[in-house]
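The residues making up each chain are set out below.
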Amino acid sequence: MIALLATGHTDASAARQLGVSRRTVTYMLRSMMDELGINNRFQLGIAVGARSRNCAACPAPRRPAMTNVAHDHGRY
């Protein structure tokens, strides 16, 4: 489920992929947050990311394109 959400699925689309209800996905996420002692999904993402650096199912972090922002906007 975490891998689905990490790749951009909503609760509803993750639920469809898993064959469960959206409410079940919400319950599963709440259970994980309670177990980890955290209060919101942002904190859950940080906690899961920190624990799963070697997760083969998790997407690789995207690196921002290196551009000269000042040059792109004609300031220099």
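Residues numbered from 1 in each chain as written. Predicted model: local features only at pLDDT ≥ 70, side-chain atom pairs only at ≥ 80, totals over all residues. Heavy atoms only, no water.

1. Considering the packing of helix H3 (residues 22-36) against helix H4 (residues 41-51)
Reasoning step 1: Relative orientation of the contacting elements H3 and H4 amounts to 70 degrees, with a least axis distance of 10 Å. Compared by their axis directions, H3 and H4 come out roughly perpendicular. Every residue of H4 that contacts H3 at Leu29, Met32, Met33 and Leu36 is listed here: Arg41, Leu44, Ala47 and Arg51.
Reasoning step 2: Counted by class, the contact of H3 with H4 contains six nonpolar, no polar and two charged residues. (Axes fitted to C-alpha atoms, helices over the stretch in contact; angles between N-to-C directions. Helix = DSSP H or I, 4+ residues; strand = E, 2+ residues; numbered from the N terminus. Parallel < 35°, antiparallel > 145°, perpendicular 65-115°, else oblique. Contact = heavy atoms within 4.5 Å. Nonpolar A, V, L, I, M, F, W, Y, C, P; charged D, E, K, R; others polar.)

2. A closer look at the nonpolar core
What tends to happen in soluble globular proteins is that the nonpolar side chains get buried as a cluster.
Reasoning step 1: Counting residues in each nonpolar core, the largest one holds nine residues, listed as Met1, Ala15, Val25, Leu29, Met33, Ile38, Leu44, Ala47 and Val48.
Reasoning step 2: Breaking this core down by element, the ones donating at least two residues are H3 and H4.
Reasoning step 3: Among residues more than four places away in sequence, those in contact with Val25 are Met1, Asp11, Ala14, Ala15 and Val20. (Core = buried A, V, L, I, M, F, W, Y, C linked by side-chain atoms within 4.5 Å. Buried < 20%, exposed > 50% of the residue type's maximum accessible area, 1.4 Å probe, protein only.)

3. Focus: the packing of helix H2 (residues 11-18) against H3
Reasoning step 1: Orientation of H2 relative to H3, taken along the N-to-C sense of each, is 105 degrees, at an axis distance of 8 Å. In terms of their interaxial angle, H2 and H3 are classed as roughly perpendicular. Seen from H2, the contacting residues are Asp11, Ala12, Ala14 and Ala15; seen from H3, they are Arg22, Val25, Thr26 and Leu29.
Reasoning step 2: Of the residues assigned to the contact of H2 with H3, the class counts are five nonpolar, one polar and two charged.

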